[in-house]
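# Understanding the architecture of this molecule
Each chain is listed here by its residues.
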Amino acid sequence: DYYASRGLGDVYKRQVFTYGEFIPAYENLDGIMAFYRKDDSAHILVAANFGKKPVDIELEYMLKKVLLANRSHEEIGGTIGTIRLDSCDAVVLELM
């Protein structure tokens, strides 16, 4: 199908995006738009940097898996417990 052919099948099938609780996140970081989607089975962070400068984000929860990103997964990792989003970067992360 359309989503599977683009590598999005795993992300698209997660019901947390449809039925999970919406929780705004990192509202104090300039240029960052982020939110959690959370239910009994999953904890997801969606984050994007709309600013002009890179931003390091200290994760509030342990990273389990990068579900989707516009750069390679190795480039996103900063130090343990942080991710770096350059200008116009976006990620979807599964958290523990």
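## Quick look at the overall build of the protein chain
Along the protein chain, the regular secondary structure elements total four helices and seven strands. Along the protein chain, helices (α) and strands (β) appear in the sequence α-α-α-β-β-β-β-β-α-β-β when read from the amino end. The buried share of the protein chain, reckoned over its 96 residues, is 39%. Surface summary for the protein chain: the accessible area is close to 6300 Å², and the carbon and sulfur share equals 53%.

## Points about the packing of aromatic side chains
Each aromatic ring pair is described using two quantities: the centre-to-centre distance and the angle formed by the ring planes. Counted according to the given criterion, the structure contains three aromatic pairs. Here the aromatic rings of Phe-22 and Phe-35 are separated by 5.1 Å at their centres, their planes lie at 35 degrees, and the arrangement is tilted. Here Phe-22, found in strand 1 (residues 21-25), pairs with Phe-35, found in strand 2 (residues 32-38); they are 13 residues apart in sequence, far enough to count as distant. Look at Phe-22 and you get partly exposed, because its relative accessible area is 48%. Owing to a relative accessible area of 16%, Phe-35 belongs among the buried residues under this scheme. Ring centres 6.5 Å apart and planes at 45 degrees place the aromatic pair Tyr-26 and Tyr-36 in the tilted group. Remark: Tyr-36 occurs in strand 2 and Tyr-26 occurs in the loop between strand 1 and strand 2; sequence separation between them is ten residues. Side by side, Tyr-26 and Tyr-36 carry an identical accessibility label, which is buried. The structure contains a cluster of three or more aromatic residues connected by ring pairs, namely Tyr-26, Tyr-36 and Tyr-61.

## Observations regarding the sheet that holds strand 3 (residues 43-49)
On the basis of which strands lie adjacent, the open sheet formed by five strands has the order 1-2-3-7-5 and antiparallel pairing. Each of the sheet's edge strands pairs with one partner strand only, and the pair in question is strand 1 and strand 5 (63-69). The average angle at which neighbouring strand axes cross in this sheet is 20 degrees, direction not considered. As judged from the five bridges shared by strand 5 and strand 7 (residues 90-95), these two strands associate in the antiparallel manner. In the strand pairing of strand 7, Leu-68 is matched with Val-92.

## Section: the pattern of salt bridges
Side-chain pairs of opposite charge can arise where the charged atoms are in close proximity. Tallying each qualifying case throughout the model produces four salt bridges. Linking Arg-84 and Asp-56 is a salt bridge whose minimum nitrogen-to-oxygen distance equals 2.9 Å. On the criterion of sequence distance, the pair formed by Arg-84 in strand 6 (residues 82-85) and Asp-56 in strand 4 (residues 55-58) is long-range, its members being 28 residues apart. Since its relative accessible area comes to 43%, Asp-56 is described here as partly exposed. Between Lys-64 and Glu-94 there is a salt bridge, and its shortest N-O distance comes to 3.7 Å. Remark: Glu-94 occurs in strand 7 and Lys-64 occurs in strand 5; sequence separation between them is 30 residues. Taken together, the shared-partner salt bridges connect Arg-71, Asp-86 and Asp-89 into one network.

Each value, and the rule that gives it
- Residues numbered from 1 in each chain as written.
- Predicted model: local features only at pLDDT ≥ 70, side-chain atom pairs only at ≥ 80, totals over all residues.
- Heavy atoms only, no water.
- Helix = DSSP H or I, 4+ residues; strand = E, 2+ residues; numbered from the N terminus.
- Buried < 20%, exposed > 50% of the residue type's maximum accessible area, 1.4 Å probe, protein only.
- Areas by Shrake-Rupley, 256 points an atom, 1.4 Å probe, with all protein chains shown as cover.
- Phe/Tyr/Trp six-rings, centres within 6.5 Å; stacked < 30°, edge-to-face > 60°.
- Pairing = 2+ DSSP bridges.
- Axes fitted to C-alpha atoms, helices over the stretch in contact; angles between N-to-C directions.
- Salt bridge = Lys/Arg side-chain N within 4 Å of Asp/Glu carboxyl O.

The analysis is restricted to geometry; functional conclusions fall outside its scope.
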